[in-house]
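Each chain, written out:
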Amino acid sequence: MYLSMEATARIGPTISGTFAATAPLFAAFTAILALGEELDLLISLGTLAVVVGVISLTWRPAGARTVVRAALLFATGAAVIRGLNQSVSKFGLALMPNVFMAGFVSFAVSTVGALLLYRLRRGSFPRDVDRRGLLNFILNGCLIGTAIGCMFAALQLDRVVVVSPIVAAYPLFTLFTA
């Protein structure tokens, strides 16, 4: 999450979103190498279609020339981690097939990591928190938790090379609901 937010802050949501769309490629690569999954022609074409579709939604060539290489490393790192996340989750679900426990452990580790990172960067935790903003973030957390739970359930039922492109298609739903 940190790499993704840093990339967005440095190069903007358009270019960082374009790089985020490559996550299914990294997910498929790691699933094939580490989990022994197979990639058939239909899944390959579907993955490519999702990646190209999301890139076409976010790509703006005029802004691409002003990108700093370090910012691209943040964006690429975020895409690699997203891809690895799905393969690692699939492996974890094979060892402990419990979607709710997977979600709990993932969010507990993420919460501790986010709090530590915030504390290291800011020096202290915020004292005054806007209640409206806090309620908005709680709602957002519930929605993200539901989405991650659905992803874990899908990974428990099918291969990473099938689930990853579907998960990566979320910008299309954002486009239709925005």
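A quick note: this is a predicted structure, and the numbers were derived from the prediction, not measured.

Rules used in this analysis
Residue positions are given per chain, counted from 1 along the sequence in the order it is written. The model is predicted, so local features are restricted to residues of pLDDT at least 70 and side-chain atom pairs to those at 80 or more, both for listing and for counting; the totals for chains, interfaces and linings are taken over all residues. Only hydrogens and water are set aside; all other atoms, that is, all heavy atoms of the structure, feed into the side-chain values. Any two rings among Phe, Tyr and Trp, with Trp reduced to its six-membered ring, count as a pair given centres within 6.5 Å; such a pair is stacked if its planes are under 30 degrees apart, edge-to-face if over 60, and tilted if neither. Should the NZ of a Lys or the CZ of an Arg lie within 6 Å of a ring centre and within 35 degrees of the ring normal, that charge is described as sitting over the ring. Per-residue confidence from the predictor is given as pLDDT, running between 0 and 100. Numbering of helices and strands runs from the N terminus; a helix is a DSSP stretch of H or I covering at least four residues, while a strand is a stretch of E covering at least two. Here the expected span of a helix is defined as 1.5 Å times the quantity of residues minus one. Remark: exposure states derive from per-residue accessible area (1.4 Å probe, protein chains only) relative to the maximum for the residue type, with buried under 20%, exposed over 50%, and partly exposed in between. For this analysis, a polar contact is any N or O atom pair within 3.5 Å, provided that within protein one partner can donate a hydrogen and the other can accept it, and provided that sequence-adjacent residues contribute only side-chain to side-chain pairs.

Applying the stated criterion to the full structure yields one aromatic pair. For the pair Tyr118 and Phe125, a centre-to-centre distance of 6.4 Å together with 5 degrees between the ring planes defines the contact as stacked. Here the guanidinium or amino end of Arg119 rests over the ring plane of Phe125, the centre of that ring lying 6.0 Å away.

The next point concerns the confidence of the model for the protein chain. Put simply, the protein chain has an average pLDDT of 84, and 90% of its residues get 70 or more. Looking at the elements of the protein chain, mean pLDDT is at its lowest for helix α4 (residues 61-64), recorded as 57, and at its highest for helix α7 (residues 131-157), recorded as 91.

Turning our attention to α7. Helix length check: α7 (27 residues) gives 39 Å between terminal C-alpha atoms against 39 Å at 1.5 Å per residue, within 8%. Listed as buried for α7 are Met151, Phe152 and Leu155. The distance from a side-chain oxygen at the start of α7 to the backbone nitrogen of Arg132 is 3.2 Å, and the residue carrying that oxygen is Asp130.

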